[in-house]
Amino acid sequence: MNLSVKIGSLTLQNPVTVASGTFGYGAEYAPLIDLNQLGAVVVKGIRLQPVRGNRTPRTFEVTSGLLNAIGLQGPGVDGFIRKYWPFLKELKVPTIINIWGTTVEEYAEVARRFDTLGGVGALELNVSCPNIKEGGAQFGTDVKLLSQVVAACRKATQLPLITKLSPNVVSIAPYAQAAEAAGSDALSIMNSFPAMAIDIATRRPRLANVTGGLTGPCIKPIAIKLVWEAAKAVKIPIIGMGGIQNAADAIEFLLAGATAVAVGTANFYEPQTALQVIAGLRQFMQQQRLQDVRDLVGQCR
Amino acid sequence: MNLSVKIGSLTLQNPVTVASGTFGYGAEYAPLIDLNQLGAVVVKGIRLQPVRGNRTPRTFEVTSGLLNAIGLQGPGVDGFIRKYWPFLKELKVPTIINIWGTTVEEYAEVARRFDTLGGVGALELNVSCPNIKEGGAQFGTDVKLLSQVVAACRKATQLPLITKLSPNVVSIAPYAQAAEAAGSDALSIMNSFPAMAIDIATRRPRLANVTGGLTGPCIKPIAIKLVWEAAKAVKIPIIGMGGIQNAADAIEFLLAGATAVAVGTANFYEPQTALQVIAGLRQFMQQQRLQDVRDLVGQCR
Amino acid sequence: MVEQTVQIVSNQRDTDLYFRLVVRAPQIAPLVQPGQFVHLRILPLKHALLRRPFSIFQVSGDTLSILYKSVGQGTEVLSQMPPGDELSMIGPLGHGFTVPAAGGETPLLVAGGYGMAALYLLAQRSPQKGIVFVGGRRRVDILCEEEFRALGWEVRATTEDGSHGEKGLVTHALQTELGRRAPGRKLFACGPTPMLKAVGQLAAEFNLPAELSLDEHMACGIGVCLTCVVPIQTGDGWEYQRTCTEGPVFDSRQVAWEEAK
Amino acid sequence: MVEQTVQIVSNQRDTDLYFRLVVRAPQIAPLVQPGQFVHLRILPLKHALLRRPFSIFQVSGDTLSILYKSVGQGTEVLSQMPPGDELSMIGPLGHGFTVPAAGGETPLLVAGGYGMAALYLLAQRSPQKGIVFVGGRRRVDILCEEEFRALGWEVRATTEDGSHGEKGLVTHALQTELGRRAPGRKLFACGPTPMLKAVGQLAAEFNLPAELSLDEHMACGIGVCLTCVVPIQTGDGWEYQRTCTEGPVFDSRQVAWEEAK
Ligand SMILES: Cc1cc2nc3c(=O)[nH]c(=O)nc-3n(C[C@H](O)[C@H](O)[C@H](O)COP(=O)(O)OP(=O)(O)OC[C@H]3O[C@@H](n4cnc5c(N)ncnc54)[C@H](O)[C@@H]3O)c2cc1C
Ligand SMILES: Cc1cc2nc3c(=O)[nH]c(=O)nc-3n(C[C@H](O)[C@H](O)[C@H](O)COP(=O)(O)OP(=O)(O)OC[C@H]3O[C@@H](n4cnc5c(N)ncnc54)[C@H](O)[C@@H]3O)c2cc1C
Ligand SMILES: Cc1cc2nc3c(=O)[nH]c(=O)nc-3n(C[C@H](O)[C@H](O)[C@H](O)COP(=O)(O)O)c2cc1C
Ligand SMILES: Cc1cc2nc3c(=O)[nH]c(=O)nc-3n(C[C@H](O)[C@H](O)[C@H](O)COP(=O)(O)O)c2cc1C
Ligand code: FES
Ligand code: FES
């Protein structure tokens, strides 16, 4: 039975990865799960400099979901390489590094730094974080800026490039096509959806940042639709995510057109989710007598 | 204690209405609840001619939500007036009629028909139904078309006009402002969100229409954010909706900037919801020693 | 139509995955007509919002019961609820069967699986007795046979695996019976859609009236959401009618199955 | 750190809204250090996804217990779960208290409400005995006083309404004690944030070391989501550190409260 898939030139032993920002830098989960079983480890978004992040509260639990506005707290490229890379580079599975910047030049510079590091599996361009004032979402909702960012990173690195699209657009097709045309090897769909909650007792927003990104099972039907539409618009592979809790959810993404998937918020409440998804996917393929996981991709008709 | 609010020239005895398409033509719920307790009855979308609607399956239950693609089945203006208006016009509370068309002219013509009918409370322009191939959503995602539709209806009727905006836009502010500028007296936010689900056993979409609109508690944080943003952009009142299940949810919408609210999907599973919201709102105001419900509107800081 | 919080009196396994739920529903029970249903909110289900529809099986004083199969998240949770727990119920709903008049046509009832539940009240309240054809895959799918017999009805059971009654499909047994061409008969059926279609075809073939109780997914259950529609023949064409309101029981000649796909 | 499905051994009301939950957790119990916590997934909660953090109260062989207050949807559902039911537990988590060394400083423990739970193991494992200051609004908020006494600790209770012990705030009783300026003392506190801030101020004022166990909202509980961060003084400035990983126990001098708002 073949579970392996390709994301650009990168081969994943199975299509199940984790979502950036929900898995730290991998090491944190190592006591609980065997990271080497995953398709890939995807780390939290990194820009050039360290980032302090937003004030607290930063997350709030909502019906079947989570609202977050972390503000991309992180160690910066150097901090990451010093603190986390020694562990990650020893893994048998690839590490995908989620990167961002506040300018096109910063994106490219971060890409260049990781290109020269050696051993990185792929770069995921986060052009869609809804929780950052400068940078983040505007790159993901403006087709021209998106093209520029992707093209600049394409020039800066040989590594497989994955563009993580914003769900917050009228139609995802032009963005998917722009990323493809500018040299992206794959797409990640979707990032969290802009949302908000208010405490009626205090009349204050539940998040210090006021608005945040909605994730978890509540957004799955939105994510499935975006993957479905993007898959019809481009030839490059898609990593689908948004509310995956079990193998059935992951298979739904594959059928919609995703070549791989990522487990996000579910890691927080059930760290075994990604491994359960892999096991469940295997079982499903056995039951359906499928030899190759790629025979599921885009098979919803 | 004052619960009444104004939507244009229309006074509602309280801010709790129902969402179009989730309350039929009012009469259906009459055996279960006293319609005269509501702020207003809002009927299902009506265009000039009868509409057969989409094939089945038309709805699918998802995590904390519902996916639907009814396709605006309805009796057309004449059928509505013949079958449902005799009952509705006898209600003590206003009826808001949700209308749509496939052309600007059709919208205006439907508006004119209801203008001459006499006794209608207000018209709600549905420019955002995601489940109709022609008409529907395109009017809600193109600022120019939106302005045209609203302006044409404004010319066609003296009735208060409520524009029901699409959530499926990068930023809702320009749409809210366009509707206001073209003469809309109020906004309804939000319609269902484009989404999809797939049956992994059959590999078929769960809805005959393939995609549908997501509603219910799962979308509430998205709706709150849209209301919050629109309220900052316009002066006209907003009717907030999306996942309201109880008074706390409704108050959250008021604090975000809505002047009134609508109960939608919750009617399907708990027909008493709207009445429970009214009772809960009263209780909350008592506890907080509030004299006027309008003192809650937009009070989140 | 009433909405009521009802208390579980009993909730016991019948056979295999089938359960019988009895609730005290004093406002609903007295109103029930054969073929109607209730719309149940299973309160412990939190992330699954919708009510679930079930045919009203039996009525006794201020209690009513349903006979249900555990097939998914709602029915599974329901099957674990103990007596004393509460449910929210809306009912009776829908347009049921026409109860045969004394001296009128002889009723032939046709049921698949939990379809039996929809037919019990009809058999009980019909002054004319007749024959019940009941089918299922295995022995455990044949429900409440004895209760129909106790009403004085003849029961003919079929199972696909032959583990009980005749081996084969219930519509096969029906066809054999219809082949006798006894006069003055009418069919009443409830079960899976393929079975209903087959019954409809037999009715057409033998030129008999037939009432079919359809099983469509529902959201509201009271006619507002337009989820449960089926294509129904009207004068010149067809239109979508609501299983929860105009149905669940329709005249088989009116159901325009071919328009549905 | 281990993830384990644990079985409820007992789950009983203590006082008022406080409950004691004992679970069999053979992989977690032996590893526990005072001040650490577990992250509990309350499985019947379906539409509320996150785990809930609770201090580890007591450990005995392969069981451990928590002492919790029913304050919201999760703890309410938890309080209704019978023995035999299962929970998913990750633990032990976090960086706990420094257990006082024999002959070292005299520990003064300060607890508000369920803060007592975080301090019991510390009292039990500390070779040095000291004084426990425990406060609450009413009598029912004073938990496990006798159990601390049974360990040989002195307990001073305060209630805001005077219904038990001294009337007033726990920090007031502490202040009075600190006013005696006995040498060689160290504070350990767990409770609501305002109480912790007050303890921190007293520690500064009397120039005493203090370890505070912070109560921040958490999502993952294991250091990846960055929900639970608090501003912590570093050499030249401050940075956000994680209550679930670098904490929940921090040196009071390091917590840069003023940066948090
Ligand atoms: C008029 C009518 C009468 C019925 N009478 C009975 C009866 O007497 N006994 C009995 O066991 N069942 C009966 N059913 C079917 C019953 O409603 C479903 O088995 C039940 O809704 C399944 O719910 P679930 O949560 O267990 O399944 P899930 O698959 O988890 O449900 C998911 C969704 O699909 C719907 N759904 C799933 N299966 C069906 C189905 N077969 N028909 C309609 N909706 C479905 C559910 O209502 C829910 O909205 C009847 C259905 C209708 C329409
Ligand atoms: C390190 C640590 C140790 C704790 N130890 C105990 C203990 O021993 N006994 C005890 O009764 N409580 C303890 N708490 C608080 C406990 O976690 C909350 O009371 C509990 O999460 C409330 O959950 P709920 O679903 O009932 O409330 P809800 O209000 O419905 O919860 C909604 C969300 O807010 C979070 N939340 C609500 N209140 C708190 C709070 N005070 N602290 C952190 N998160 C909160 C929940 O975890 C959940 O994510 C501790 C908290 C922390 C951080
Ligand atoms: C707390 C949190 C932090 C996140 N941080 C990042 C990030 O740094 N970069 C990024 O591209 N996406 C980030 N995301 C988005 C996720 O990678 C993912 O796209 C989203 O959560 C949807 O998947 P889910 O519903 O399975 O969680 C974050 C999500 C959460 C919940
Ligand atoms: C089954 C269904 C049918 C709907 N039909 C209409 C409609 O005809 N016109 C309209 O403007 N909105 C329609 N809506 C959208 C609702 O009015 C409302 O905007 C949406 O459901 C969000 O509110 P909720 O989450 O409380 O349901 C429909 C929604 C549902 C679920
Ligand atoms: S189920 Fe809503 S109309 Fe029939
Ligand atoms: S709770 Fe996730 S980092 Fe602490």
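The rules behind the values
- Residues numbered from 1 in each chain as written.
- Chains lettered and ligands numbered in written order.
- Predicted model: local features only at pLDDT ≥ 70, side-chain atom pairs only at ≥ 80, totals over all residues.
- Heavy atoms only, no water.
- Least-squares fit on C-alpha atoms with pLDDT ≥ 70 in both.
- Contact = heavy atoms within 4.5 Å.
- Buried area = accessible area lost by both parts, 1.4 Å probe.
- Salt bridge = Lys/Arg side-chain N within 4 Å of Asp/Glu carboxyl O.
- Polar contact = N/O pair within 3.5 Å; in protein donor to acceptor, adjacent residues only side chain to side chain.
- Helix = DSSP H or I, 4+ residues; strand = E, 2+ residues; numbered from the N terminus.
- Near = heavy atom within 4 Å.
- Nonpolar A, V, L, I, M, F, W, Y, C, P; charged D, E, K, R; others polar.
- Phe/Tyr/Trp six-rings, centres within 6.5 Å; stacked < 30°, edge-to-face > 60°.
- Buried < 20%, exposed > 50% of the residue type's maximum accessible area, 1.4 Å probe, protein only.
- Lys NZ or Arg CZ within 6 Å of the ring centre and 35° of its normal.
- Areas by Shrake-Rupley, 256 points an atom, 1.4 Å probe, with all protein chains shown as cover.
- Domains from an automatic or database assignment.
- Pairing = 2+ DSSP bridges.
- Axes fitted to C-alpha atoms, helices over the stretch in contact; angles between N-to-C directions.
- Expected span 1.5 Å × (residues − 1).
- Arc of directions from axis to C-beta.

Section: the relation of the copies chain B and chain A
One copy of the chain maps onto the other through a rotation about an axis followed by a shift along the same axis. Screw-axis analysis of chain B against chain A gives a translation of 0.0 Å along the axis, an RMSD of 0.0 Å, and a rotation angle of 180°. Such a combination of rotation and displacement between the chain copies is what one expects of a two-fold axis. Closest to the rotation axis within chain B is the C-alpha of Cys-218 of chain B, separated from it by 2.5 Å. A high fraction, 100%, of the interface residues of chain B reappear at the interface in chain A, so the copies pair face to face through one surface.

Brief notes about the interface of chain B and chain A
The interface is formed by 42 residues belonging to chain B together with 42 residues belonging to chain A. Contact between chain B and chain A buries roughly 3700 Å² in total, counting both sides, with carbon and sulfur atoms accounting for 67%. Summed over the shared surface of chain B and chain A, the number is zero salt bridges. Across the contact surface, chain B and chain A share eleven residue pairs in polar contact (both at pLDDT 80 or more). Looking at the side of chain B that touches chain A, the elements with two or more residues in it are strand S11 (193-196), strand S12 (198-199), strand S13 (204-205), strand S14 (211-215), helix H7 (220-233) and helix H8 (247-256) of chain B.

Some thoughts on the site of ligand 3
All names here are of chain A. Ligand 3 sits among 23 residues. The nearest are Ser-20, Asn-98, Lys-164, Gly-243 and Thr-265. Residue Gly-243 places a main-chain N or O atom 2.7 Å away from an oxygen atom belonging to ligand 3. One of the side-chain N or O atoms of Thr-265 is found 2.5 Å from an oxygen atom in ligand 3. Looking at the shell around ligand 3 residue by residue, the classes come out as seven nonpolar, 14 polar and two charged.

Side note on the packing of aromatic side chains
Inspection of every chain in the model, using the stated rule, returns 27 aromatic pairs over all chains. Ring geometry for Phe-19 of chain C and Tyr-68 of chain C: centres 5.5 Å apart, planes at 20°, overall stacked. Here the residue Phe-19 of chain C occupies a position in strand S2 (residues 18-24), and Tyr-68 of chain C occupies one in strand S6 (residues 63-69), the gap between them amounting to 49 residues. Relative accessible area serves as the criterion here: at 1%, Tyr-68 of chain C is assigned to the buried category. Above the face of the Trp-228 of chain A ring, Lys-232 of chain A is positioned so that its terminal group lies 3.9 Å from the ring centre.

Considering the site of ligand 2
Neighbouring ligand 2 are 20 residues, the closest being Arg-52, Pro-53, Gly-74, Thr-75 and Asp-215 of chain D. Neighbouring residues of ligand 2 are not confined to a single chain but are spread across chains A and D. Tyr-114 of chain D places a side-chain nitrogen or oxygen 3.4 Å from a nitrogen atom of ligand 2. With the chains in place, 87% of the 830 Å² that ligand 2 exposes on its own is no longer accessible. Put simply, the parts of the chain that give the shell around ligand 2 at least two residues each are strand S4 (52-55), strand S6 (63-69) and helix H1 (73-79) of chain D. Residue composition of the shell around ligand 2, by class: nine nonpolar, six polar and five charged. A domain split of the shell around ligand 2 shows at least three residues from each of domain 1 (2-92) and domain 2 (106-259) of chain D.

Concerning the sheet that holds strand S3 (residues 37-41) of chain C
All names here are of chain C. One open sheet holds the seven strands; their spatial order is S4-S3-S7-S1-S2-S6-S5, and the pairing between them is antiparallel. Both edges of this open sheet fall to strand S4 (52-55) and strand S5 (58-60), since each of them pairs with a single strand only. Neighbouring strand axes in the sheet, compared pairwise and without regard to direction, differ in orientation by 35° on average. Here strand S1 (residues 2-13) pairs with S2 via six bridges, running antiparallel. The residue bridging Gln-12 from the neighbouring strand is Arg-20, located in S2.

Some points on the environment of Leu-88 of chain A
Residues and elements named next belong to chain A. Looking at the secondary structure, you find Leu-88 in helix H2 (residues 85-88). The buried category is assigned to Leu-88, whose relative accessible area is 2%. The contact partners of Leu-88, leaving out residues within four places of it in the chain, are Tyr-25, Val-41, Val-43, Phe-80 and Thr-95.

Remarks on the domain arrangement of chain C
As a measure of interface size, the accessible area lost when the parts come together is often cited. All names here are of chain C. Domain annotation for chain C reports domain 1 (2-92) and domain 2 (106-259). If you average the C-alpha positions of domain 1 and of domain 2, the two centres end up 22 Å apart. Counting from both sides, the interface comprises 21 residues of domain 1 and, opposite them, 22 residues of domain 2. Across the domain 1 to domain 2 interface the summed buried area is about 1900 Å²; carbon plus sulfur atoms make up 62%.

Some words on helix H5 (residues 143-156) of chain B
Residues and elements named next belong to chain B. Under the 1.5 Å per step criterion, the end-to-end length of H5 is 20 Å for 14 residues, consistent within 8% with the ideal 20 Å. Listing the buried residues of H5 in full gives Leu-146, Val-149, Val-150, Ala-152, Cys-153 and Ala-156. One face of H5 carries all of its buried residues, which in axial projection span an arc of 160°. Exposed side of H5, more than 90 degrees from the buried face: Lys-144 and Lys-155 are the residues found there. Those residues of H5 that are buried are in contact with helix H3 (104-117), strand S8 (122-126), helix H4 (138-141), strand S9 (161-164) and helix H6 (173-181). If you check the start of H5, you find a side-chain oxygen 2.9 Å away from the backbone N of Lys-144, and it comes from Asp-142.

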